Amino acid sequence: MKVDDARANRWLARILESNHLLWMIFVASLLESIIIPIPLELVLIPLLIHERERWFAIATATLAGCLVGATIGYNLGLFFFDTGGQWLIDYFGYQQAFSEFTADFKENGFATLLLVGITPIPFQVGMLAAGSTEYPYLLFLAAAFIARGVRYYGLALLVYWLGERVLGWWQRHQNRLGLGVLVAGVAIYLIVVLS
């Protein structure tokens, strides 16, 4: 066990000292937004703890990767939904979520995208729905920018202010936090829809 910990620490040290750290985060965020349904926060929190002084650059690289990935996902929905987009939905088992999301999306696209971008709902569903319904790209990008910006810069600031306490707190409360964010997001969404 100690051998694995030492190896992991050496690997982390090499990444942290690399001149390509921001590019690695950019690529990881791009992949997470398109095909990897694992929360990027699992990587970002430890990274931000070790690189607290670079919080803004790391959050910016993460957001940029997400926006490029979102653009790819949007275009996949726009041009290739019947083949590639449908395959992605089937592969990840998002059929029901996509059907429900598309119905809501047709009525309240921007608010729905904001909700999906902030909460733990898979963002891939939002990207494909926006593209397949030909939702205006600039509005889609604005919603993704706002929602994911709040998510990534908010997390970076929390880690900057609270340091390692965030990691322990995240590990203990991630399920409740996700549920709380989802409930708050749905409440905001309903307020926007009903007003």
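A brief structural summary. Only a predicted model underlies this, so the values are computations on that prediction, with no experimental measurement involved.

All right, on to unusual backbone geometry then. Most peptide bonds are trans, and most residues other than glycine sit at a negative phi. For E134, which is not glycine, the phi dihedral falls at a positive 55°. The topology assignment puts E134 in the loop between α7 (123–132) and α8 (137–162). You can call E134 exposed: its relative accessible area is 60%.

Before going further, it helps to examine the packing of aromatic side chains. Counted under the stated rule, the structure contains 7 aromatic pairs. Note on W55 and Y160: the rings are 6.1 Å apart at their centroids and 40° apart in plane angle, and the pair reads as tilted. Residue W55 is found in helix α4 (residues 55–92), and its partner Y160 is found in helix α8; the two are separated by 105 residues along the sequence. A relative accessible area of 37% places Y160 in the partly exposed class. Pairing Y137 with F140 gives two aromatic rings, centres 6.4 Å apart and planes at 40°, and the pair type is tilted. Note that Y137 and F140 are positioned in helix α8 at a spacing of 3 residues, about one turn of the helix. Residue classification places Y137 among the partly exposed residues on the basis of a relative accessible area of 30%. Accessibility expressed as a relative area gives 0% for F140, which makes it buried.

How each quantity is defined
- Residues numbered from 1 in each chain as written.
- Predicted model: local features only at pLDDT ≥ 70, side-chain atom pairs only at ≥ 80, totals over all residues.
- Heavy atoms only, no water.
- Helix = DSSP H or I, 4+ residues; strand = E, 2+ residues; numbered from the N terminus.
- Buried < 20%, exposed > 50% of the residue type's maximum accessible area, 1.4 Å probe, protein only.
- Phe/Tyr/Trp six-rings, centres within 6.5 Å; stacked < 30°, edge-to-face > 60°.

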